Amino acid sequence: MGKLLVLLAILSLGQIITAERIVNCYWGTWANYRSGNGKFDVSNIDANLCTHLSYSFFGINDSGNIQSLDTWLDYDLGFISQAIGLKRQNSNLKVLAVVGGWNEGSTKYSSMAGDWSKRQNFINSALTLLRNNGFDGLDLDWEYPNQRGGNWNDRSNFVTLLRELKEAFAPYGYELGIAVGAGESLASTSYEIANIAQQVNFINVMTYDFAMASDGKTGFNAPQWAIENAINYWLSQGAPANKLVLGVGSYGRSFQLSDPSQNWPGAPCRGVGSAGAYTGDGGYLGYNEICQNNWHTVFDNDNAAPYAYSGDQWVSFDNVLSVQWKMDFALRKNLAGAMVWSLETDDYRGLCGQAYPLLRTINEKLRW
Ligand SMILES: *[C@@H]1O[C@H](CO)[C@@H](O)[C@H](O)[C@H]1NC(C)=O
């Protein structure tokens, strides 16, 4: 009996050591339309820095069928087939089709998940999409069940949807992942955590967006305390550590200060920061924009995160040091790995030093 236990212990230890950690790279394919050094296409991807490439996004129609959101880019320009072709550079690479995202909203997904025939449309169109293009799996990014126009039944309907997807995928070996809101108030509203965790291969926890200009004050996009609280909450609710994938944002949230002389975290702001040259949306800056700015940068040890400012502009973001801290936390908690949102805002061209500094740091900590 004792020998058997020792043998089992050695076997499971071996599994822990050999299980490769996930580095899931989200790719916002629309960055193809950015100008100059912001333009990003498949030639800018280093397939060896990712175990998973998450091709974002697909949408659904009112019948629940998955649809291309840009058939020109996906098919005419051939982005999907080029993405699948990256498996020639990294034969272990899994390429996933990501359905949903913020702009898709919640209501279509709520009515699909709650209707048997729409669910079958969704599942059948997922199988067709994966099979016809050679994807390795699906990542569902419904933002969010029971919010933004959804309703209470979404919580259990989401479990049903995921269970049916899992069963439909099993014969083909397709992977099933989800991306979820991280913090307790958001997650407890949207998810039956233990039940959804049983249906999926992994859960991408979006541990960022913890501060916005709408708060009326500056704050950290992804501070240490919020990440620890969020992951500990998911674990306490029955999500197994080996399915949790820690989210890293390769971007910052930016603010316009009310008073440029009050430039600390928590200082009043009058609105979003100015749009960046590549990303072009107020309140949001890619790391590839931030690193070229040469603003005064401070690393805040209490939050394990940097911020930077210049005049009335202020941004909180992640850099190599804060990503190192996040990966140490993921390792301490024995999580499945990390994901980055997203490839096209890391310094993928190496404009400020070595290419892909943030994604490289993730790999250094988790894989190399
Ligand atoms: C959704 O897409 C499917 C497949 O293309 C199509 O058959 C169906 O009519 C569409 N439904 C709506 C409401 O547009």
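The following paragraphs examine the structure supplied in this document. In this text, all values refer to a predicted model and were calculated from it rather than measured experimentally.

Remarks on helix α9 (residues 224-236)
Thinking step 1. Taking 1.5 Å of rise per residue, 13 residues should cover 18 Å, and α9 covers 18 Å from first to last C-alpha, within 8% of that figure.
Thinking step 2. Taken as a whole, α9 has its buried residues at Ala-226, Ile-227, Ala-230, Ile-231, Tyr-233 and Trp-234. Down the axis of α9, the buried set is contained in an arc of 155°. They therefore lie on one face.
Thinking step 3. Lining the buried residues of α9 we find β6 (175-181), α7 (184-190), α8 (193-199), β7 (202-206), β8 (244-249) and α11 (320-332).

A short note on the site of the ligand
Thinking step 1. In the region of the ligand, the neighbouring residues are Asn-61, Asp-62, Ser-63 and Asn-65.
Thinking step 2. In this structure, an oxygen atom belonging to the ligand sits 2.3 Å away from a side-chain N or O atom of Asn-61.
Thinking step 3. The contact in question runs from a nitrogen atom of the ligand to an N or O atom on the side chain of Ser-63, over 2.7 Å.
Thinking step 4. Compared with its free state, where it exposes 360 Å², the ligand has 36% of that area covered by protein.
Thinking step 5. Considered class by class, the residues forming the shell around the ligand number no nonpolar, 3 polar and 1 charged.

Overview of the packing of aromatic side chains
Thinking step 1. Counted under the stated rule, the structure contains 28 aromatic pairs.
Thinking step 2. Here the aromatic rings of Phe-58 and Phe-135 are separated by 6.0 Å at their centres, their planes lie at 90°, and the arrangement is edge-to-face. Residue Phe-58 is found in strand β2 (residues 52-60), and its partner Phe-135 is found in the loop between α5 (116-133) and β5 (137-141); the two are separated by 77 residues along the sequence.
Thinking step 3. Among the residues examined, Phe-58 registers a relative accessible area of 1% and is labelled buried.
Thinking step 4. Clustering of aromatic rings is evident, with ring pairs tying together Trp-27, Phe-40, Tyr-55, Phe-58, Phe-79, Phe-135, Tyr-348 and Tyr-356.
Thinking step 5. Sitting over the ring of Trp-102, Arg-148 keeps its end group 3.3 Å from the ring centre.

Conventions and cut-offs
- All residue numbers refer to position in the chain's written sequence, counted from 1.
- Residue-level local features of this predicted model are given only where pLDDT is at least 70; pairs of side-chain atoms are given and counted only at 80 or more, and the full residue set underlies all totals for whole chains, interfaces and linings.
- Heavy atoms from the whole structure form the basis of all side-chain values; hydrogens and water molecules are not counted.
- Numbering of helices and strands runs from the N terminus; a helix is a DSSP stretch of H or I covering at least four residues, while a strand is a stretch of E covering at least two.
- A helix's residues, less one, multiplied by 1.5 Å, set its expected span.
- Buried means the residue's accessible area, taken with a 1.4 Å probe over protein chains only, is under 20% of the maximum for its type, while exposed means over 50%, and partly exposed covers the values in between.
- By arc we mean the arc of the directions from the helix axis to the C-beta atoms, nothing more.
- Note on contacts: a residue pair qualifies if any of its non-hydrogen atoms lie within 4.5 Å across the two residues.
- A molecule or strand has a residue near it when one of that residue's heavy atoms lies within 4 Å.
- In protein, a polar contact means a hydrogen-donor-capable atom and an acceptor-capable atom, both N or O and within 3.5 Å, with residues adjacent in sequence counting only if both atoms are side-chain atoms; elsewhere, any N or O pair within 3.5 Å suffices.
- Reported accessibility uses the Shrake-Rupley method at a 1.4 Å probe radius. Residues are deemed covered only where the shown protein chains occlude them.
- Under the convention adopted here, Pro, Cys and the residues Ala, Val, Leu, Ile, Met, Phe, Trp and Tyr are nonpolar, Asp, Glu, Lys and Arg are charged, and Gly plus all remaining residues are polar.
- Only centres within 6.5 Å qualify two rings of Phe, Tyr or Trp (six-membered ring in Trp) as a pair; their planes then separate them into stacked at under 30 degrees, edge-to-face at over 60, and tilted for everything else.
- Comment: the charge-over-ring label is applied if NZ (Lys) or CZ (Arg) is within 6 Å of the ring centre and within 35 degrees of the ring normal.

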